[in-house]
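Working through the structure, step by step
The lines below spell out each chain.
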Amino acid sequence: MHGNLKQNAQLLNAYLKELSDLSHAKVVVCVPYPYLAQAQQLLQNTSIAWGAQNMGKFESGAYTGEVSADMLLDFGAQYVILGHSERSTAYCESDENIADKFMLAKQHGLTPVLCVGETLIEREAGVMEMVVGQQLDAIIKKCGVEVFEHAIVSYEPIWAIGTGLAASPAQAETMHQFIRQKLTQPSAQAEGALKILYGGSVNPQNAVQLFSVNGIDGGLVGKCSLNAQDFVKICQAAEQVCETLVE
Ligand code: PEP
């Protein structure tokens, strides 16, 4: 719930100026609902895609205040963030709700960006894989594991979001391995298309190190996406890491 028309225009224009010629890294901007039209206007026919930060769990109907998949598509959205921990904690969103939304997004051709992650207490208790496993199981139970083909999962340890304390490369690598293994069995086909991002205090200083971790395919960036210089540097870090992989 950051930004306004004027600030967004400045940010998006800065991204376009600095990031239009990336050859490997893909940049997606997920904006609050009222700014989807602005994102569409400024980003259409550019290399930057856009999406939303949430979506309603029903097709359509009398669900006051909700926004449907079709409405997102009306504004050219291709991506939708689902299950962000700020929604689960502040709006009591359950794993089952998130699974409904995930299914609907896929049915409508939107790419879901599913956020999963544990609290600090859960990490300290050593149950982080169990917690993330349960979050993924809710989707698998409803939609089957194949649904993760062409989906994006973002590992976002809750203790790392907005705290300045990112997960260590080792912590992130272990969890990414766990997620990938869970989602690519028994459907080995899914592996190529499934992307697993890391989110939680990614900044220009730690981006190259994090993106170089085996199994991390990119980042979900919160605070630093609100500062054009920082976000550009993070995207350039992603591009740099992709280039080394291609070589
Ligand atoms: C987020 O809001 O999902 C997030 C990762 O934020 P930050 O980058 O500020 O930690």
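Rules of the game
Residues numbered from 1 in each chain as written. Predicted model: local features only at pLDDT ≥ 70, side-chain atom pairs only at ≥ 80, totals over all residues. Heavy atoms only, no water. Helix = DSSP H or I, 4+ residues; strand = E, 2+ residues; numbered from the N terminus. Contact = heavy atoms within 4.5 Å. Buried < 20%, exposed > 50% of the residue type's maximum accessible area, 1.4 Å probe, protein only. Near = heavy atom within 4 Å. Polar contact = N/O pair within 3.5 Å; in protein donor to acceptor, adjacent residues only side chain to side chain. Areas by Shrake-Rupley, 256 points an atom, 1.4 Å probe, with all protein chains shown as cover. Nonpolar A, V, L, I, M, F, W, Y, C, P; charged D, E, K, R; others polar.

By the element assignment, Met103 lies in helix H5 (residues 95-107). Sequence separation of Met103 and Ala9 is 94 residues, and the distance between their C-alpha atoms is 32 Å. Residues within four places of Met103 in sequence aside, it is in contact with Lys142 and Cys143.

The next thing to look at is the side chain of Ser68. Assignment of secondary structure puts Ser68 in the loop between strand E2 (49-52) and helix H3 (69-74). The class for Ser68 is buried, based on a relative accessible area of 8%.

Looking at the ligand, the residues that line it are His84, Glu156, Ala160, Ile161, Gly162, Gly199, Gly200, Ser201, Leu220, Val221, Gly222 and Lys223. In this structure, an oxygen atom belonging to the ligand sits 2.6 Å away from a side-chain N or O atom of His84. Between an oxygen atom of the ligand and a side-chain N or O atom of Glu156, the distance comes to 3.0 Å. Summarising the interface, the protein chains cover 90% of the accessible area of the ligand, which totals 290 Å² for the free molecule. The residue inventory of the shell around the ligand, partitioned by class, reads 4 nonpolar, 6 polar and 2 charged.

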